[in-house]
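# A closer look at the structure
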Amino acid sequence: MGKQVWRVALTGAAAAVMTAVAAVPAGAATAPEGGAAFTNIKVNGGKAILIGTGKEVSVPASFRVTTTRTWRWSDVFLYRGDAERFKDDRMWHSIGTSDCIRVSSNVCDVQETMYFNPSLWSMRNSEAGAWKVGAEVRFNGDGLDIDNKGLTVYVKRYSALTVKASPKPVAKGKTLTVTGKVTRANWETRKYVSYGGRKVSLQFKPAGATSYAWVKTVYSNNSGDLKTTVKASKTGSWRWVYGGNDTTGPSTSAGDYVVVK
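Residues numbered from 1 in each chain as written. Predicted model: local features only at pLDDT ≥ 70, side-chain atom pairs only at ≥ 80, totals over all residues. Heavy atoms only, no water.

Here we take up the packing of aromatic side chains. Counted according to the given criterion, the structure contains four aromatic pairs. Judged by centre distance (5.7 Å) and plane angle (50 degrees), the ring pair of F77 and Y79 falls under tilted. Across the pair, exposure class does not vary: F77 and Y79 are buried alike. Ring geometry for Y195 and Y242: centres 6.2 Å apart, planes at 90 degrees, overall edge-to-face. With Y195 in the loop between β13 (191-194) and β14 (199-206) and Y242 in strand β17 (residues 236-242), this pair connects stretches of sequence that are 47 residues apart. Here R90 stacks its cationic end above the ring of F77, 3.8 Å away from the centre of that ring. A cation over an aromatic ring shows up here: R239 above the ring of Y212, its NZ or CZ 3.8 Å from the ring centre. (Phe/Tyr/Trp six-rings, centres within 6.5 Å; stacked < 30°, edge-to-face > 60°. Buried < 20%, exposed > 50% of the residue type's maximum accessible area, 1.4 Å probe, protein only. Helix = DSSP H or I, 4+ residues; strand = E, 2+ residues; numbered from the N terminus. Lys NZ or Arg CZ within 6 Å of the ring centre and 35° of its normal.)

What follows is the structure in structure tokens.
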């Protein structure tokens, strides 16, 4: 791997020397007026980036750069607004990149890892949501080419669920109360906070079964609390499942096992 660098203001990551023009492999782009072309861009396999309150999250990315010019480093990054004019409106992270994985004399594949760590630097909750994907290359000297790639990546706050079913054991046909709580990561306080008004599914898995089935849908109150009742009919496990949204990731509680007598 090349050097690890902070944010997207890179200083000496992967280096490559692009010299003679050669036939471009199928699927590669020819160099545009800006001096480089980017293709085959992938960020986290197309999945959302989920970030909690403490652990570093590493996100794989890769891309192909085509140019006849000598370049010092190249990377893909996440931004809002204008890729070139609003350089401060980029998602804060550190990155590591490979050196040029040569495809031909003017085509390189690059492997990149984006590192997001809310325990080391400040993250704003407003950063959750959709981000555009840009790509840039720094040539030897002062040349720089930045492209908007027309891709979108969602960066989301982790969510979490708890569950409790009672009484235990419960007589068959009697009322079973299932409670829980929905929370999500607050990047600014580095704590999990209540998440009210969420649509959450209650699921049940009978003893001996291999999968859960939907039972009913419940909305959390303003404090993120969940509560519902069901008639006890079979021994098995109860859990809550939240599907997430554009700013918050999905979550599933552990199963709470209840014996029905």
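Once that is clear, we can look at the pairing of strand β4 (residues 57-66). Among the ten residues in β4, eight count as buried, and that is most of the element. As paired strands, strand β2 (residues 37-43) and β4 are joined by five bridges and run antiparallel to one another. Each residue of the ladder has a partner; that of F38, found in β4, is V65. Pairing between β4 and strand β8 (residues 107-116): ten bridges, direction antiparallel. (Pairing = 2+ DSSP bridges.)

Further remarks concern the sheet that holds strand β9 (residues 129-139). Here we have four strands laid out as an open sheet, ordered β3-β10-β9-β5, and mixed in their pairing. Two strands in the sheet have a free side with no partner beyond their single neighbour: β3 (49-51) and β5 (71-79). Across this sheet, the average inter-strand angle for adjacent strands is 30 degrees, counted without regard to direction. Sheet analysis places β3 next to strand β10 (residues 144-157), joined by three bridges and oriented parallel. (Axes fitted to C-alpha atoms, helices over the stretch in contact; angles between N-to-C directions.)

For R64, the position within the fold is in strand β4. Here R64 falls in the buried class, since its relative accessible area comes to 11%.

Before going further, it helps to examine the nonpolar core. Ranked by size, the top nonpolar core spans 33 residues in total, and within it V76 and L78 carry the most contacts. Taken together, the elements giving at least two residues each to this core come down to β2, β3, β4, β5, β8, β9 and β10. With near-sequence residues (within four places) excluded, V76 lies in contact with I41, V43, A61, F63, E112, M114, V133, G134 and A135. Core analysis: the next-biggest nonpolar cluster, separate from the first, contains 20 residues, F204, L226, W238 and Y242 among them. (Core = buried A, V, L, I, M, F, W, Y, C linked by side-chain atoms within 4.5 Å. Contact = heavy atoms within 4.5 Å.)

On to the pattern of salt bridges, then. This structure, assessed with the given rule, holds five salt bridges. The salt bridge partner of R90 is E136, with a shortest N-O separation of 3.1 Å. Of this pair, R90 sits in the loop between β5 and β6 (94-97) while E136 sits in strand β9; the two residues are 46 residues apart in sequence, bridging distant segments of the chain. Taken individually, R90 and E136 each receive the classification buried, so the pair is uniform in this respect. The partner of K181 in a salt bridge is D225, with the nearest N and O atoms 3.1 Å apart. Remark: D225 occurs in strand β16 (residues 225-231) and K181 occurs in strand β12 (residues 175-186); sequence separation between them is 44 residues. (Salt bridge = Lys/Arg side-chain N within 4 Å of Asp/Glu carboxyl O.)

A covalent bond bridging the sulfur atoms of two cysteines is what the word disulfide describes. This structure, assessed with the given rule, holds one disulfide. With a sulfur-sulfur separation of 1.8 Å, C100 is cross-linked through a disulfide to C108. Here the S-S torsion is close to -80 degrees, and the disulfide linking C100 with C108 is therefore left-handed. (Disulfide = S-S within 2.5 Å.)

Don't take any of this as a statement about function, it's just geometry.
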